[in-house]
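# Report on the structure
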Amino acid sequence: GAVVSQHPSRVICKSGTSVKIECRSLDFQATTMFWYRQFPKQSLMLMATSNEGSKATYEQGVEKDKFLINHASLTLSTLTVTSAHPEDSSFYICSARDRLAGWTDTQYFGPGTRLTVL
Amino acid sequence: QQPVQSPQAVILREGEDAVINCSSSKALYSVHWYRQKHGEAPVFLMILLKGGEQKGHEKISASFNEKKQQSSLYLTASQLSYSGTYFCGTVLSGNTPLVFGKGTRLSVIA
């Protein structure tokens, strides 16, 4: 089956620093990747849609200058949380769709990255 | 546009059955079901496309009523491993992303 990896799995940083999270599709090419954020006991909230070779599409209320997304290749998307603050602490999960599949086909999720900002 | 799931939580004894519902106020193109264990990423269960189909996965199956814009997930003869939070995700059309419901927390006890 399709595998998506994320790195790091857990990160603790000081307030004001920037953190980069990588999302890779390991055995398929993904023209579209998605970034979600999940607070404790809540649902996954879509932050942005990342398209290979173009600018990401951000959901309403998500600051594009704070959450920088780069999708430079068909297998890698990165999310950089700039000037992180404690309220950015959350579980960040990426997902990817197979380039050869239709839009409504399965999104494969990465294992998630737990960010804690002190 | 977030789909509505019900119930919010359910507790079952091993071997009992459960139904989780997911409904939308808008016409749906597809419905996706996931299960998430605490501290882990969601795991894909199944996808249903418009057309009123029903799918099965071991003792877990689902249906999609296109007219009612509603999907139901059926868990039969529940096992301890079924515990977790179940999310439905909906797609409205061919160029919109997956939007998740708030989840249903399922606890199976011995």
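Here we summarise the structure given alongside this text. Computed from a predicted model, the values in this text were never measured in an experiment.

### Things to note about the packing of aromatic side chains
For the coordinates displayed, the defined rule picks out nine aromatic pairs over all chains. For the ring pair Tyr36(A) and Phe100(B), a centre distance of 5.5 Å and an interplane angle of 75° mean the geometry is edge-to-face. With one member in each of two chains, Tyr36(A) in strand 4 (residues 32-38) and Phe100(B) in strand 10 (residues 99-100) form a pair that bridges those chains. Classification of Phe100(B) as buried rests on a relative accessible area of 2%. The structure contains a cluster of three or more aromatic residues connected by ring pairs, namely Tyr36(A), Phe109(A), Tyr34(B), Phe44(B), Phe87(B) and Phe100(B).

### Here we look at the pattern of salt bridges
Pairing between side chains of opposite charge can happen when the charged atoms of each approach one another. All names here are of chain A. Counted by the stated rule, this structure contains two salt bridges over all chains. In this structure, Glu 22 and Arg 24 form a salt bridge, with 3.5 Å as the shortest nitrogen-oxygen distance. Residue Glu 22 is classed as partly exposed on the basis of its relative accessible area of 24%. Overall, the relative accessible area of 34% leaves Arg 24 in the partly exposed class. In this structure, Lys 66 engages Asp 88 in a salt bridge whose closest nitrogen and oxygen atoms are separated by 2.9 Å. Residue Lys 66 is found in the loop between strand 6 (57-58) and strand 7 (67-73), and its partner Asp 88 is found in the loop between strand 8 (76-81) and strand 9 (90-97); the two are separated by 22 residues along the sequence. No difference in accessibility class separates Lys 66 from Asp 88, as the two residues are buried.

### So, the state of the cysteines
What is meant by a disulfide is a covalent connection between two cysteines, made through their sulfur atoms. For the structure on display, the rule yields two disulfides over all chains. Here Cys23(A) pairs with Cys94(A) through a disulfide, and the sulfurs are 2.0 Å apart. The sign of the 80° torsion about the S-S bond sets the Cys23(A)-Cys94(A) disulfide as right-handed. Here Cys23(A) is found in strand 3 (residues 19-25), whereas its partner Cys94(A) is found in strand 9, with 71 residues between them in sequence. The buried category is assigned to Cys23(A), whose relative accessible area is 0%. Note on Cys94(A): relative accessible area 0%, which makes it buried. Each sulfur of the disulfide joining Cys22(B) and Cys88(B) lies 2.0 Å from the other. Here Cys22(B) and Cys88(B) share a disulfide; its torsion about the S-S bond, 70°, makes the bridge right-handed. A residue pair is termed long-range when its members are at least 10 positions apart, and Cys22(B) in strand 3 (residues 18-23) and Cys88(B) in strand 9 (residues 84-91) qualify at 66 residues. Cys88(B) carries the same exposure label as Cys22(B), and that label is buried.

Criteria and thresholds
Residues numbered from 1 in each chain as written. Chains lettered and ligands numbered in written order. Predicted model: local features only at pLDDT ≥ 70, side-chain atom pairs only at ≥ 80, totals over all residues. Heavy atoms only, no water. Phe/Tyr/Trp six-rings, centres within 6.5 Å; stacked < 30°, edge-to-face > 60°. Helix = DSSP H or I, 4+ residues; strand = E, 2+ residues; numbered from the N terminus. Buried < 20%, exposed > 50% of the residue type's maximum accessible area, 1.4 Å probe, protein only. Salt bridge = Lys/Arg side-chain N within 4 Å of Asp/Glu carboxyl O. Disulfide = S-S within 2.5 Å.

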